[in-house]
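# Structure assessment
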Amino acid sequence: MKKGFTLAEVLITLVIIGVIAAMTIPTLMNSTNNQEFRVGLKKAISALNQAMSLNYALEGTQVGADTLNSSANIVNNLFKKRMSVITTATSGTAFSVGSTGITATDNSNVFYTADGARYAVSYEAGAYDPVADQMYYGLILIDVNGEKGPNTVCTNAQQPTDTYVATIYGNRVVAGATKSPDANYSKAAQEVVFDKKTTNNTTTATN
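The rules behind each value
Residues numbered from 1 in each chain as written. Predicted model: local features only at pLDDT ≥ 70, side-chain atom pairs only at ≥ 80, totals over all residues. Heavy atoms only, no water. Helix = DSSP H or I, 4+ residues; strand = E, 2+ residues; numbered from the N terminus. Buried < 20%, exposed > 50% of the residue type's maximum accessible area, 1.4 Å probe, protein only. Contact = heavy atoms within 4.5 Å. Areas by Shrake-Rupley, 256 points an atom, 1.4 Å probe, with all protein chains shown as cover. Pairing = 2+ DSSP bridges. Axes fitted to C-alpha atoms, helices over the stretch in contact; angles between N-to-C directions. Phe/Tyr/Trp six-rings, centres within 6.5 Å; stacked < 30°, edge-to-face > 60°. Salt bridge = Lys/Arg side-chain N within 4 Å of Asp/Glu carboxyl O.

### So, the overall build of the chain
The helix and strand tally for the chain stands at 3 helices and 6 strands. Along the chain, helices and strands appear, N-terminal first, in the series α-α-β-β-β-β-β-β-α. For the chain, with 207 residues in total, the buried portion stands at 39%. Contacts in the chain between residues far apart in sequence, at least 24 positions, make up 57% of those at least 6 positions apart. When the accessible area of the chain is evaluated, it comes to approximately 10,800 Å², of which 56% is carbon and sulfur surface.

### Points about the sheet that holds strand β3 (residues 118–129)
The 6 strands lie next to each other as β1-β2-β3-β4-β5-β6, forming an open sheet whose pairing is antiparallel. In this open sheet, the two strands that pair with only one neighbour each are β1 (85–88) and β6 (173–175). Strand after strand, the sheet turns through a mean of 35 degrees between neighbouring axes, direction not considered. Pairing of β1 with strand β2 (residues 110–113) involves 3 bridges; the strand directions are antiparallel. Looking across to β2, one finds that Thr87 is bridged to Tyr112. Each of β1, β2, β3 and β4 (134–143) touches helix α2 (residues 71–82); the most contacted strand, β3, lies at about 115 degrees to it.

### Focus: unusual backbone geometry
Here Gly149 and Pro150 are connected by a cis peptide whose omega angle stands at 10 degrees. In this fold, Pro150 is placed in the loop between β4 and β5 (163–169). For Asn151, which is not glycine, the phi dihedral falls at a positive 55 degrees. Following the sequence through the fold, Asn151 ends up in the loop between β4 and β5.

### A look at the packing of aromatic side chains
Counting across every chain of the model gives 3 aromatic pairs. Considering the side-chain rings of Phe111 and Tyr119, the 4.9 Å spacing of their centres and the 15 degrees angle between planes classify their relative orientation as stacked. Of the two residues examined, Phe111 and Tyr119, each falls in the buried class. For the ring pair Tyr123 and Tyr137, a centre distance of 6.1 Å and an interplane angle of 15 degrees mean the geometry is stacked.

### What about the pattern of salt bridges?
Pairs may arise between side chains of opposite charge once their charged atoms sit close together. In the structure shown here, the tally under the stated rule is 5 salt bridges. Between Asp195 and Lys42 there is a salt bridge, with its nearest N and O atoms 2.5 Å apart. Separated by 153 residues along the polypeptide, Asp195 in the segment after α3 (183–194) and Lys42 in helix α1 (residues 7–59) bring together distant segments of the chain. Judged by relative accessible area, which is 30%, Lys42 ranks as partly exposed. A salt bridge links Glu59 to Lys81, with the nearest nitrogen and oxygen atoms 2.5 Å apart. With a gap of 22 residues between them, Glu59 in helix α1 and Lys81 in helix α2 connect regions that are remote in the sequence. Since its relative accessible area comes to 38%, Glu59 is described here as partly exposed. Because the salt bridges share partners, they merge into one network encompassing Glu59, Lys81 and Arg82.

Written out as structure tokens, the structure reads:
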């Protein structure tokens, strides 16, 4: 006579599996999202810097030059030419940015790339950054997964979200904000890029 599992035993087993799944799946999903956000920021910073390097190699111009001296000019004359930009934003699709000091409003400063990321450029007249020992020209907001949530600026690298602040220099973009209403924005972006804690809230010259 063959022995088998009773219905009660099967049900108990299924309940145990369900409880374990309920406990582990949220943690696994959160870990996956965190890694996606981290990788997305690093990829975005790399893409921006490649675009700036290519533009300088081909045209010899850096941010702050006559053709790159406004948010709209930087979008149109640099990033749209050197990155896989699929569209710019209208006022209806621009995204909320909280208190970062960046206004993301329309196609004058917001653009989307083919990998699903979106960016908002906020140009400022050049100012000297003593830490990096060079001029900086404002900030850029990087939303690594576009309109998909949570659409929240990261202030804690240990709990990464999808949106980060970076500083625009003449020939490069650096994670973190030289000037920001909330230094945690800067610190979190740097920590995510470096995969470690920073010792201060300012943008480092080694970034």
